[in-house]
Amino acid sequence: FCWLHVCCCHCLCLRQSHKKSALMSQFLNHWHRSIEDRIVDTSIMINKVEFNSPLVYRPIVGIEMVTKYLTAANEVLNNSHFRYTSEFEEENRACLVFETKIDNMEVTGIDLIEWNGEDKMTKLSVFIRPFSAITKVGEHMSKKLSEMA
C-alpha cells in the first residue's frame, strides 16, 4: 500500500510499501497488528474514546460501547478481502483507506483516527461508500450486535 506522512520540512511525502515503515507511529503499528490479529485492543483507547459510525447519528462514547461496536465491525468488515490501500498520517492523526467485500459487494472506506501523546486512540470516525455498501454493512452490523446482546 502507499501512505503519506508529513516529513521534517512539513511537506507531504508519499511512501509506497507492503511493509510498515519505521516512520509509522507507534500507535499505527499497534493498530495494524490489531487489525492483522483481528482483535479489538482496548489498551490503545482512552476511557472516553469517541467512535463516529456511518450508521449511527450520534457519536458512541466510552470504551465499553466503542469496543462492542468495533468488535462487531471487525467481524463484519475485517474478512479475507480486507486491506488498507493507503494511509495519510500527520502528527497524531491518520486517514486509512480500506477495501473489502461483503456478500460479493465491494466496499471502500476510511478510518479517520486521532490519538493522544500516550498513543491512545481518542477518536475514530469511519466513512463507507457506496450507499448500497452502507446498507449492507448496517444489516450485518445489526445482526452481529443482536448476537452480542
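The shown structure was predicted, so the numbers you read here are calculated from the model rather than taken from an experiment.

**Quick look at unusual backbone geometry**
In step 1: The linkage connecting Arg129 with the following residue, Pro130, adopts the cis geometry, with an omega of -10°.
In step 2: Counting through the fold element by element, Pro130 comes out in the loop between strand E8 (121–129) and helix H3 (131–148).
In step 3: Although it is not a glycine, Asp103 sits at a positive phi angle of roughly 50°.
In step 4: Despite not being glycine, Asp119 has its phi angle at roughly 60°, a positive value.
In step 5: Within the secondary structure, Asp119 is located in the loop between strand E7 (105–115) and E8.

**Remarks on the pairing of strand E3 (residues 45–52)**
In step 1: As defined by bridge partners, E3 adjoins E8 across 4 bridges and the pair is classed as parallel. The residue bridging Phe51 from the neighbouring strand is Leu124, located in E8.
In step 2: In this structure, E3 lies alongside strand E4 (residues 60–61), joined through 2 bridges in antiparallel fashion. If you follow Glu50 over to E4, its bridge partner there is Val61.

**Looking at the pattern of salt bridges**
In step 1: According to the stated counting rule, one finds 5 salt bridges in the structure shown.
In step 2: When the shortest N-O distance is used, the salt bridge between Glu75 and Lys144 registers 3.3 Å. Residue Glu75 is found in helix H2 (residues 63–77), and its partner Lys144 is found in helix H3; the two are separated by 69 residues along the sequence.
In step 3: By relative accessible area, which is 41% here, Glu75 ends up partly exposed.
In step 4: Each of Glu75, Lys144 and Glu147 takes part in a single network of salt bridges with overlapping partners.

**Examining the environment of Leu145**
In step 1: With respect to the secondary-structure elements, Leu145 resides in helix H3.
In step 2: Measuring from C-alpha to C-alpha, the distance between Leu145 and Tyr69 comes to 7.4 Å, with 76 residues separating the pair along the chain.
In step 3: Beyond its immediate chain neighbours, meaning those up to four positions away, Leu145 contacts Lys68, Tyr69 and Ala72.

Definitions and limits used
Residues numbered from 1 in each chain as written. Predicted model: local features only at pLDDT ≥ 70, side-chain atom pairs only at ≥ 80, totals over all residues. Heavy atoms only, no water. Helix = DSSP H or I, 4+ residues; strand = E, 2+ residues; numbered from the N terminus. Pairing = 2+ DSSP bridges. Salt bridge = Lys/Arg side-chain N within 4 Å of Asp/Glu carboxyl O. Buried < 20%, exposed > 50% of the residue type's maximum accessible area, 1.4 Å probe, protein only. Contact = heavy atoms within 4.5 Å.

Bear in mind that shape data such as this cannot, by itself, settle questions of function.
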